[in-house]
Amino acid sequence: MGGLTLDLRPGVGLGPFNLGMPVCEAVAYVEQHPNTFDLVHVKYHDEDPLLHDVVISFPEHGFHLRFEPYSQRLRLIEVFNVQCVQMRYATSSIGGPSIAATFVAVYALFGPTFPGTYDIDRCKYTLFYPGLSFAFPIPAQYTDCCQDREAELPLEFPDGTTPVMSRVCIYDSAIGSSGVGVGVGAMLKKAVPPQLPVGSLYMEEVHAKLAEELWFTGGGQHLPFGASPQDVWAELGRPCGIHQKQVDPMVIHSASDTKPRTTLCGDYFYNYFARGLDILFDGQTHKIKKFVLHTNFPGHRDFNCYIKCNFIIHCPSYERGEGQSSHHITVDTKWDQVKELLGDGSRAAIQTQGSVSNPFGPTFVYGYRNIALEVMKNGHIATVTLFQSTMP
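A brief structural summary. Sequence order as written defines residue numbering, which begins from 1 separately in each chain. Under the rules for a predicted model, residues below a pLDDT of 70 receive no local features and side-chain atom pairs below 80 are neither given nor counted, while totals for whole chains, interfaces and linings still include all residues. Just so you know, side-chain values use all the structure's heavy atoms and leave hydrogens and water out.

Secondary-structure assignment places Phe128 in strand β11 (residues 124-129). A simple rule labels every residue: compare its accessible area, found with a 1.4 Å probe on the protein chains alone, to the largest value its type can have, and call it buried under 20%, exposed over 50%, or partly exposed in between. Take Phe128: its relative accessible area is 3%, and that puts it in the buried class. The helix and strand labels rest on DSSP assignments: H or I over at least four residues marks a helix, E over at least two residues marks a strand, and numbering proceeds from the N terminus.

Another point: the nonpolar core. Grouping buried Ala, Val, Leu, Ile, Met, Phe, Trp, Tyr and Cys residues that are joined through side-chain atoms within 4.5 Å yields what is termed a nonpolar core. In this structure, Phe17, Phe63, Leu65 and Met165 are the most contacted members of the largest nonpolar core, which totals 44 residues. In terms of residue count, the dominant contributor to this core is helix α1 (residues 23-32) (4 residues). Leave out the neighbours within four places in its chain, and Phe17 touches Arg9, Val12, Ala26, Tyr29, Val30, Phe37, Phe58, Phe63, Leu65, Leu74 and Ile77. In this structure, Ala227, Tyr272, Val331 and Val338 belong to the second largest nonpolar core, which totals 37 residues. Residue contacts follow a heavy-atom distance rule, with two residues in contact if any of their heavy atoms lie within 4.5 Å.

Note on pairing: DSSP must find at least two bridges between two strands before they are called paired. Pairing is antiparallel across the open sheet formed by 8 strands, whose spatial order is β4-β5-β6-β7-β13-β12-β11-β10. Edge positions in the sheet fall to β4 (41-43) and β10 (117-119), since each has one partner strand and no second. With strand direction ignored, the average angle separating the axes of adjacent strands in the sheet is 20°. One ladder, built from 5 bridges, connects strand β6 (residues 63-67) with strand β7 (residues 74-79); its direction is antiparallel. Across the sheet, residue Leu65 finds its bridge partner in β7, namely Ile77. Helix-sheet contacts for α1 involve β5 (54-58) and β6, and the interaxial angle to β5 is about 20°. To obtain an axis, a line is fitted to C-alpha atoms, over the contacting stretch when the element is a helix, and the angle between two such axes runs from 0 to 180 degrees between their N-to-C directions. The strands touched by helix α2 (residues 103-110) are β11 and β12 (132-137); relative to β11, the strand with the most contacts, the crossing angle is about 10°.

Geometry only, nothing functional implied.
This is how it looks when you write it as structure tokens:
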């Protein structure tokens, strides 16, 4: 579908999408407006999701959003087909099917700026403004007009025509303050998410000491095992959701639990989606018995349900021999590194999420004393469950 008009805000965003926003907020907005965004592609590197951006693409509207893979925050907005989306700046518009996005029109709308750069290999001239760049293909017969003429702008070709814009990039205004910002090719990598606001708790470090507690570096909260719901409300505030726990399908593997089970048990969860955290309470004692930490990696069925939890799990140093330089498991630690810290452990239980139609395939759950890890096929951790083991 066409005819979409979005406000262009240099260095800030495009329409409802703001630089620095988490990927889950962008997807939530898209899901709330299915009539506007009815065709959406989510792209990521399946084998190594930290290698490239997570990209949300809108092919019918000619633009996509690039999220930095570690923080999962929006670093760059690219309009790759300017005829599919009309961009409104101040009281004027540019792009779309009816308004030609020429060099002259861009210069008239945005005003004077520094001379741009010319990419000889791609035959593209890029014009920069704070937090904004425009790329213009240059026909082969006119490439000489853009070389070795830094003081001039290619407003017109010798035949009287003007270059037509092919791409727009929107990025943090702090990048390219000297005049050269984010453009085509390798220059796209220069874009980074803007700094978080002072006091933001996004991606705050959440430390865990096995069988003891969680503590949050941003706000200084401590949550030990055995804390009550009142303690949790006092430390973290109202949960985003509360739901009763279904019987753990893994309980059949416990030799100590021979009781027949119904579908639901008395235990219940507090869900803190904005912290990437679930807290399980015992239904009889109303005390914390488990913490579940979510990594929010693409390729897992829970992707976008939680914001990435930036956890650091402190493992006992005696687990491995001398020479081990680190005894921490972080949100980006891979399974091979976990085994170096904790050992091979037991055989993995296969988790299919109860659906043979799950497009991402099964995950594998490995249990250790006081900790269980759900691992994806690519070796990245999907969730970590912390508990107090009853094993000797």
